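# What the coordinates show
Chain by chain, the residues run as shown.
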Amino acid sequence: MEGRRTRDRDCPGGWIISIVPRRDACLVTCEHGGNRIPAPFRAWFRDWQSVLATHRGYDLGALPMARALATALGANIEFSTVSRLLVDLNRSPGHPGLFSSAIRAAPAAVRRDIMAGHYQPYRERVQQVVDGLAGCGRRVVHISSHSFTPALDGRMRNADIGLLYDPARPSEVRLAARWKAALAALAPDYLVRRNYPYRGTGDGVTRHLRSCHPPTAYVGIELEINQRIFRQPVAQQTRQRALVIAALRQALAPSPTGAP
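Residues numbered from 1 in each chain as written. Predicted model: local features only at pLDDT ≥ 70, side-chain atom pairs only at ≥ 80, totals over all residues. Heavy atoms only, no water.

### A look at the overall build of the protein chain
- Along its length, the protein chain carries 7 helices and 9 strands.
- Buried positions account for 55% of the 260 residues belonging to the protein chain.
- Considering only contacts in the protein chain between residues 6 or more positions apart, those separated by 24 or more positions represent 80%.
- Taken as a whole, the protein chain presents about 11400 Å² of accessible surface, with 54% of it coming from carbon and sulfur. (Helix = DSSP H or I, 4+ residues; strand = E, 2+ residues; numbered from the N terminus. Buried < 20%, exposed > 50% of the residue type's maximum accessible area, 1.4 Å probe, protein only. Contact = heavy atoms within 4.5 Å. Areas by Shrake-Rupley, 256 points an atom, 1.4 Å probe, with all protein chains shown as cover.)

Structure representation (structure tokens):
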């Protein structure tokens, strides 16, 4: 399943976004929202059921976080529930991690079908939303929702939340710093790190969109949340999502100088 919602009355067919500064529009995406394998490709994953249920198959908790963010911000949302093991929507064509070994073993025609039916439509929808909003004179604030496994290759990850951004883009530096500061005030028990557990300039949707739009038109932050948070009781997960959202709302509010 893929999903989209567009809200912006300045561009045709949308709604007003009132929580962020008037010239800004928010986009929330979730590239790894599920572990679904579409029927035409299931034969390639007969022995992969246990893997599909792990962090290799999808980002636990990332889609509920994305939906909560989009609802709270009145934002555009794009998401996919197709497993990253079929195709990783957060990787560029030609990247060695684009396909899992299951699909790399399949005929080239299978990979072409996956790209045409799942990868390209998703990436094109995200691109169209950003291009359309930027074309209407709006600055797009894009939050890409992800989660990370607490341990990888035998090493524990030392963070609860990661905020990934490009240090060369001042608007992203500023938003990440303000979001981190707001989280420190609202959720002091969280360890929040910038550009951890990955570099914000690594291959992905945000890096591609930065290449298409200047910092004045596009701000891209990847939100990475430790998956142990999403293994807690439902009430705690709901509270923690609310804290992340409240901190982002504070970060997006205009500064005393008027610059968000």
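### Regarding unusual backbone geometry
- The residue after Tyr196, namely Pro197, is reached through a cis peptide bond having omega 5 degrees.
- Within the secondary structure, Pro197 sits in the loop between β8 (192–194) and α6 (205–212).
- One non-glycine residue with positive phi stands out, namely Asn195, at about 50 degrees.
- Residue position: Asn195 is located in the loop between β8 and α6.

### A closer look at the packing of helix α2 (residues 62–73) against helix α7 (residues 234–252)
- Closest axis-to-axis distance for the α2/α7 pair is 10 Å, and the angle between their directions is 45 degrees. Taken together, α2 and α7 sit at an angle that is classed as oblique. Read as a crossing pair, α2 and α7 show a hand that is right-handed. Where α2 approaches α7, its residues Pro64, Met65, Ala68, Leu69, Ala72 and Leu73 are matched on the opposing element by Arg241, Val244, Ile245, Leu248, Arg249 and Leu252.
- The residue inventory of the contact of α2 with α7, partitioned by class, reads 10 nonpolar, no polar and 2 charged. (Axes fitted to C-alpha atoms, helices over the stretch in contact; angles between N-to-C directions. Parallel < 35°, antiparallel > 145°, perpendicular 65-115°, else oblique. Left-handed = near helix turned anticlockwise from the far one by under 90°. Nonpolar A, V, L, I, M, F, W, Y, C, P; charged D, E, K, R; others polar.)

### Looking at the pairing of strand β7 (residues 161–164)
- Taking every second residue as pointing to the same face, both faces of β7 are buried, with Ile161 and Leu163 on one and Gly162 and Leu164 on the other.
- In the sheet, β7 pairs with β8 via 3 bridges, with the strands oriented parallel. Across the sheet, residue Leu163 finds its bridge partner in β8, namely Arg194.
- This β-α-β element, β7 to helix α5 (residues 170–186) to β8, shows right-handed connectivity. (Pairing = 2+ DSSP bridges. Right-handed = clockwise from strand over helix to strand, strands pointing away.)

### Some details on the side chain of Arg241
- Along the chain, the position of Arg241 falls in helix α7.
- Among buried Asp, Glu, Lys and Arg side chains, Arg241 stands out as unpaired, with Asp59 the closest opposite charge at 14 Å.
- When neighbours within four sequence positions are excluded, Arg241 is seen to be in contact with Pro64, Met65 and Ala68. (Lys, Arg positive; Asp, Glu negative; His and termini not counted. Salt bridge = Lys/Arg side-chain N within 4 Å of Asp/Glu carboxyl O.)

### Quick notes on the pattern of salt bridges
- All told, the structure shown has 7 salt bridges when counted by the stated rule.
- For Arg84, the salt bridge goes to Asp59, with nearest N and O atoms at 2.6 Å. A residue pair is termed long-range when its members are at least 10 positions apart, and Arg84 in the loop between β3 (76–80) and α3 (101–104) and Asp59 in the loop between α1 (49–52) and α2 qualify at 25 residues.
- Arg125 is the partner of Glu78 in a salt bridge, and the nearest nitrogen-oxygen pair spans 3.0 Å. Of this pair, Glu78 sits in strand β3 while Arg125 sits in helix α4 (residues 108–135); the two residues are 47 residues apart in sequence, bridging distant segments of the chain.
- You can call Glu78 buried: its relative accessible area is 0%.

What is shown is where atoms sit, not what they do.
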